[in-house]
Amino acid sequence: MSEFDPIPTDPAPIEPLTVGARPYDFTFDPASTALVLIDMQRDFLEPGGFGESLGNDVTQLRGTIEPLRAVLAAARAAGLTVIHTREGHLPDLSDLPPAKLHRGNATLKIGDPGPKGRILIRGEYGQDIIDELAPVEGETVIDKPGKGAFYATAFGDVLAEKGITSLIVTGVTTEVCVHTTVREANDRGYECLVLSDCVGSYFPDFQRVALEMVAAQGGIFGWVAPSTEFLTALAPLSTAAATAS
Ligand code: TIU
């Protein structure tokens, strides 16, 4: 090194980014933020799985796939932590409370053989994440027996280990696993931004009201924004990475 070489400097700290959201702007530091994809599994989004066995029209959820693909690509390009969850049970059903097994009048119950393997059982084809959003190396996959991502999982430990304090929440279904996880996260001190077109419900009315419930009362559970706002906020990082590669 000569006296004419520039003095090495630490990389510039990443500035917090701001998303236009309801009820007001959401600000996050990319280094302490994770994109969370909740239960984007064949069991919920494709025919012959758990969602359909409960009497639902699975096509209602499929509109989330394309916007979420774009968000996932941008998050990966920007170097954000990405975490996927999957609802499901052990093959011997030892983690399945009888109350959950017997609830409702399902045509196929959890553990029964279905066209894509045993319904909602870990390791089965139907219980896995859809091809369009398949995890890549380095991304965490949390298997959860309940609706919330924190209950009986290592999710909280993983977030703490990675220094995550803000969650960008996506996935299905809005009023069930997304809401339960956002509520659990909120009580644990995480700041949650729910991307409105990247979460889906089998019931259009529930979709609208569930999103309103998150942002009401000054953001009682968090913030809500369309994915385009999030992509705009992330663009300085995601497009810089795309240009560099
Ligand atoms: N039934 C329903 O709307 N949802 C679930 O059972 N699980 C999730 O939301 N992942």
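Conventions adopted
Residue positions are given per chain, counting from 1 as you read along its sequence in written order. The model is predicted, so local features are restricted to residues of pLDDT at least 70 and side-chain atom pairs to those at 80 or more, both for listing and for counting; the totals for chains, interfaces and linings are taken over all residues. Hydrogens and water molecules were not included; the side-chain quantities draw on all heavy atoms of the structure. The cutoff for a nearby residue is simple: one of its non-hydrogen atoms must lie within 4 Å of the molecule or strand. Side-chain atoms alone can form a polar contact between residues adjacent in sequence; in general such a contact is a pair of N or O atoms within 3.5 Å, and within protein one must be able to donate a hydrogen while the other accepts it. Accessible surface area values rest on a Shrake-Rupley calculation with a 1.4 Å probe, where residue burial reflects the displayed protein chains alone. In this description, strands pair whenever DSSP reports at least two bridges between them. Strands here mean DSSP runs of E at least two residues long; helices mean DSSP runs of H or I at least four residues long; both are numbered from the N terminus. Here the axes come from fitting lines to C-alpha atoms, over the contacting stretch only for helices, and the angles between their N-to-C directions go from 0 to 180 degrees. Between two residues, a contact is recorded if the distance between any of their heavy atoms is within 4.5 Å. The classification of residues rests on relative accessible area computed with a 1.4 Å probe and restricted to protein chains. Under 20% of the type maximum is buried, over 50% is exposed, and intermediate values are partly exposed. Handedness rule for crossovers: strands pointing away from the viewer, path from the first strand over the helix to the second running clockwise, crossover right-handed.

(A) Just the site of the ligand, in detail. The ligand sits among Asp39, Phe44, Phe50, Leu54, Glu87, Lys147, Val172, Thr173, Val176, Cys177 and Tyr202. Asp39 places a side-chain nitrogen or oxygen 2.7 Å from a nitrogen atom of the ligand. Between the ligand and the protein, one listed contact pairs a nitrogen atom with a backbone N or O atom of Val172 at 3.1 Å. Across the complex, the protein chains shield 93% of the 280 Å² of accessible surface that the ligand would expose by itself.

(B) Examining the sheet that holds strand β3 (residues 33–38) more closely. If you walk across this open sheet you meet the six strands as β7-β4-β3-β8-β9-β10, and the pairing is parallel. In this open sheet, the two strands that pair with only one neighbour each are β7 (140–144) and β10 (223–225). Across the sheet, the axes of successive neighbouring strands diverge by a mean angle of 25 degrees, strand direction being ignored. Two elements, strand β9 (residues 191–200) and β10, share three bridges in a ladder whose sense is parallel. Looking at the pairing, Leu195 lines up with Ala225 of β10. Its contacts with the sheet place helix α6 (residues 174–187) against β3, β4 (81–87), β7, β8 (166–172) and β9, and it is angled at close to 165 degrees to β8.

(C) Structural view of the environment of Thr64. Checked against the element boundaries, Thr64 lands in the loop between α2 (50–53) and α3 (65–78). Each C-alpha atom of the pair Thr64 and Asp197 lies 6.0 Å from the other, and the pair is 133 residues apart in sequence. Polar contacts involving the side chain of Thr64 include one to the main-chain carbonyl oxygen of Leu61, which spans 2.7 Å.

(D) Representation of the pairing of β8 within the structure. Most of β8 sits inside the fold, with seven of its seven residues counted as buried. Burial of the side chains of β8 extends over both faces: Ser166, Ile168, Thr170 and Val172 are buried on one face and Leu167, Val169 and Gly171 on the other. As judged from the six bridges shared by β3 and β8, these two strands associate in the parallel manner. Its bridge partner being in β8, Leu37 is matched across the sheet by Thr170. As paired elements, β8 and β9 share six bridges and run parallel to each other. Directly across from Gly171, in β9, lies its bridge partner Val199. Since β8 and β9 lie parallel, the crossover through α6 that links them has a hand, and here it is right-handed.

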